[in-house]
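Given next are the chains, with one letter for each unit.
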Amino acid sequence: MTQKLKVGIVGGTGMVGQRFIDLLDQHPWFQVTVIAASAGSAGKTYEESVQSRWKLSTPMPEAVKNMVILDAAKVDEVASQVDFIFCAVDMKKNEIQALEEAYAKTGTPVVSNNSAHRWTPDVPMVIPEINDGHLEVIAAQRKRLGTSTGFIAVKPNCSIQSYVPALHALLDFKPTNVVASTYQAISGAGKNFTDWPEMLDNVIPYIGGEEEKSEQEPLRIWGSIVNNEIVKASAPLITTQCIRVPVLDGHLATVFVSFENKPSKDEILERWLQFKGRPQELGLPSAPKQFITYFEEENRPQTRLDRDIERGMGVSAGRLREDSLFDYKFVGLSHNTLRGAAGGAVLIAELLKAEGYIQAK
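Okay, so let's go over this structure. Owing to the predicted nature of the structure, the values given are computational and were not obtained by experimental measurement.

Each value, and the rule that gives it
- Residues numbered from 1 in each chain as written.
- Predicted model: local features only at pLDDT ≥ 70, side-chain atom pairs only at ≥ 80, totals over all residues.
- Heavy atoms only, no water.
- Helix = DSSP H or I, 4+ residues; strand = E, 2+ residues; numbered from the N terminus.
- Expected span 1.5 Å × (residues − 1).
- Bend = angle between axes of the 7 residues up to and from the residue.
- Buried < 20%, exposed > 50% of the residue type's maximum accessible area, 1.4 Å probe, protein only.
- Salt bridge = Lys/Arg side-chain N within 4 Å of Asp/Glu carboxyl O.
- Pairing = 2+ DSSP bridges.

1. Observations regarding helix α12 (residues 338-354)
Next up, step 1: Look at α12: only 20 Å from first C-alpha to last across 17 residues, short of the 24 Å you get at 1.5 Å a residue.
Next up, step 2: If you look at α12, its biggest bend is around 50°, right at G344.
Next up, step 3: Across the 17 residues that make up α12, a large majority, 15, are buried.

So, in structure tokens, the structure goes:
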């Protein structure tokens, strides 16, 4: 690409917005030209607005420090300066739905990190390696919204990315029952240990709304398009517990699974090793070369050691063994703010660009 697409980040001052800015610095296809946030931040430079709230270990990119923040509610002003937006705002569900649809109706594609539209029937919720075919529903969504170029696509919950890819690679064996417990980092709540000292030496056995998402969203990802709507799959039956642990980044899952057609351990490992999706076929800039990495060591994957595998865009698995109640059990791990949040959304945008859904205005 000789000319980069112009990108707006709506909700650019929060933790996920900061991660977007970090990831898009020097991106080969995309360039941040607009940062938008609440009216309270509008008019300030990005550096003035964020100040000591920069949460990443990498420094704030120079390119954004003096960028003046726009009011995210001034949709036409923001949309006129970009080819598409990433949206990561902290608002009520109905407000997010209205805001994202307003942007889409201007003809601006919206790649959302928010949960508000995950169950809108004609909005694709995408893990690019798994259900890229769901992008086909965008045509119906555009018709509903009255636009030829705008649309909304969303990223699923960060917790499910630690185990859904590993299960997806085994769908041919028809998994029937899944029990998953996720041990989730504090950055999933947009915090670090300075913000949340109560998490030091502590575990909280509840994350609001997370278990419902973790049980239902995989079924939508594995669903099919019927009459221009995405209808969720009926199997497998999934039950989860989601627990907050004193880790900065990385969601780890312990998974138990039974199959209608039980595979051998070697068959499972081969499927994991060989699994590739559309991002790998297209060679997208953010795509991991090896999507699922299996560790033979008994004490891996470990959150601190392995969350950054493939620049945080790969997922890892380990401790695969037969179980006395289920067929198998294993451990999965993904980076929650990279693969699970901003990085996953950037990969969706790359896929949308490569497939012709996002173009220069």
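2. Examining the pattern of salt bridges
Next up, step 1: Within this structure, the stated rule accounts for twelve salt bridges.
Next up, step 2: The salt bridge involving R339 is made with E129; its shortest N-O contact spans 2.9 Å. In this pair, R339 sits in helix α12 while E129 sits in the loop between β5 (109-112) and α6 (138-145), placing the two residues 210 residues apart along the sequence.
Next up, step 3: Its relative accessible area of 1% is what places R339 among the buried residues.
Next up, step 4: Here K329 ties to D323 by a salt bridge, and the two come within 3.1 Å at their closest N and O atoms.
Next up, step 5: Where salt bridges share partners, they join E101, D122 and R144 into one cluster.

3. A closer look at unusual backbone geometry
Next up, step 1: Of the consecutive residues A235 and P236, the connecting peptide bond is found in the cis state with omega at 5°.
Next up, step 2: Structurally, P236 is set in the loop between β9 (229-231) and β10 (237-244).
Next up, step 3: Phi is positive for Q51, close to 45°, though the residue is something other than glycine.
Next up, step 4: Looking at the secondary structure, you find Q51 in the loop between α2 (46-50) and α3 (62-65).
Next up, step 5: Residue class for Q51 comes out exposed when judged on its relative accessible area of 57%.
Next up, step 6: Although it is not a glycine, K174 adopts a positive phi angle of roughly 60°.
Next up, step 7: For K174, the position within the fold is in the loop between α7 (164-168) and β7 (175-184).
Next up, step 8: Of the residues examined, K174 reaches a relative accessible area of 44% and is grouped as partly exposed.

4. Some words on the sheet that holds β5
Next up, step 1: Spatially, β3-β2-β1-β4-β5-β6 is the arrangement adopted by the six strands of the open sheet, whose pairing is parallel. At either margin of the open sheet sits one strand with a lone partner, and together these are β3 (70-71) and β6 (151-154).
Next up, step 2: Inspection of the sheet shows strand β4 (residues 84-87) paired to β5 by three bridges, in the parallel sense. Within the sheet, the bridge partner assigned to F86 lies in β5 and is V111.

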